[in-house]
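Below are the chains, spelled out letter by letter.
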Amino acid sequence: MPRGDKSSYTDKQKRQAEHIEEGYEHRGVGKGEAERRAWATVNKETGGGKKSGSGRGHATDTSPSRKGGEKGGRASAARSAEERSASAKKAAATRKRNAAKKSS
């Protein structure tokens, strides 16, 4: 089996990787890098592709997913109160503007 072949993964693992990849792309990470990170996360959480044999199952490790959320929170906390407040006001104005557009 050549490197990068995803045939040994379960459908659930493939869906997980796709969802994680979309999240990275939404945050501005490039397509290739997002795919690489997504599969690295799935491998870390589930231990790689499906393996045959009775009793081979084990619990998933969700720490890589938590790690991403913590990093985002740390970045926000590093900003000053004024910067966070300005960002929140801008977001609220955008939501209000979009809601007005949608209703008309």
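Look a little higher up for the structure.
Residues numbered from 1 in each chain as written. Predicted model: local features only at pLDDT ≥ 70, side-chain atom pairs only at ≥ 80, totals over all residues. Heavy atoms only, no water.

Draft legend 1. Just the packing of aromatic side chains, in detail. Taken as a whole and judged by the stated rule, the model has one aromatic pair. With 4.6 Å between their ring centres and 55° between their planes, tyrosine 9 and tryptophan 39 make a pair best called tilted. Placement of tyrosine 9 in the segment before helix H1 (11-26) and of tryptophan 39 in helix H2 (residues 31-46) is noted, with a sequence separation of 30 residues between them. The pair tyrosine 9 / tryptophan 39 is uniform in exposure class, with both members buried. Across the ring face of tryptophan 39, the terminal group of lysine 6 is positioned such that the distance to the ring centre comes to 4.7 Å. (Phe/Tyr/Trp six-rings, centres within 6.5 Å; stacked < 30°, edge-to-face > 60°. Helix = DSSP H or I, 4+ residues; strand = E, 2+ residues; numbered from the N terminus. Buried < 20%, exposed > 50% of the residue type's maximum accessible area, 1.4 Å probe, protein only. Lys NZ or Arg CZ within 6 Å of the ring centre and 35° of its normal.)

Draft legend 2. Structural detail: the nonpolar core. In terms of nonpolar packing, the biggest core is built from nine residues, these being Tyr9, Ala17, Ile20, Tyr24, Val29, Ala34, Ala38, Trp39 and Val42. Breaking this core down by element, the ones donating at least two residues are H1 and H2. In terms of residue count, the dominant contributor to this core is H2 (four residues). In this structure tryptophan 39 touches Lys6, Tyr9, Gln13, Lys14 and Ala17, once residues within four positions along its chain are discounted. (Core = buried A, V, L, I, M, F, W, Y, C linked by side-chain atoms within 4.5 Å. Contact = heavy atoms within 4.5 Å.)

Draft legend 3. Broad picture of the packing of H1 against H2. Between H1 and H2, the least distance of the axes is 8 Å, while the angle of their chain directions is 135°. Classified by the interaxial angle, the pair formed by H1 and H2 is oblique. H2 is crossed by H1, and the crossing has right-handed handedness. For the pair H1 and H2, contact is made by Gln13, Lys14, Gln16, Ala17, Ile20, Glu21, Tyr24 and Glu25 and by Lys31, Ala34, Glu35, Arg37, Ala38, Trp39, Thr41, Val42 and Thr46, respectively. Residues of the contact of H1 with H2, tallied by class, amount to seven nonpolar, four polar and six charged. (Axes fitted to C-alpha atoms, helices over the stretch in contact; angles between N-to-C directions. Parallel < 35°, antiparallel > 145°, perpendicular 65-115°, else oblique. Left-handed = near helix turned anticlockwise from the far one by under 90°. Nonpolar A, V, L, I, M, F, W, Y, C, P; charged D, E, K, R; others polar.)

Draft legend 4. Structural view of the side chain of glutamine 13. With respect to the secondary-structure elements, glutamine 13 resides in helix H1. Ignoring any residue separated from it by four or fewer positions in sequence, one finds glutamine 13 in contact with Trp39, Val42, Thr46, Gly48, Gly49 and Lys50.

Draft legend 5. A look at the pattern of salt bridges. Considering all chains together, one arrives at four salt bridges under this definition. The salt bridge partner of glutamate 25 is lysine 31, with a shortest N-O separation of 3.5 Å. Residue classification places lysine 31 among the exposed residues on the basis of a relative accessible area of 55%. With a closest N to O distance of 2.8 Å, arginine 36 and glutamate 33 form a salt bridge. Here glutamate 33 and arginine 36 lie together in helix H2, a separation of three residues that amounts to about one turn. Residues joined in a network through salt bridges with shared partners are Glu21, Glu25 and Lys31. (Salt bridge = Lys/Arg side-chain N within 4 Å of Asp/Glu carboxyl O.)

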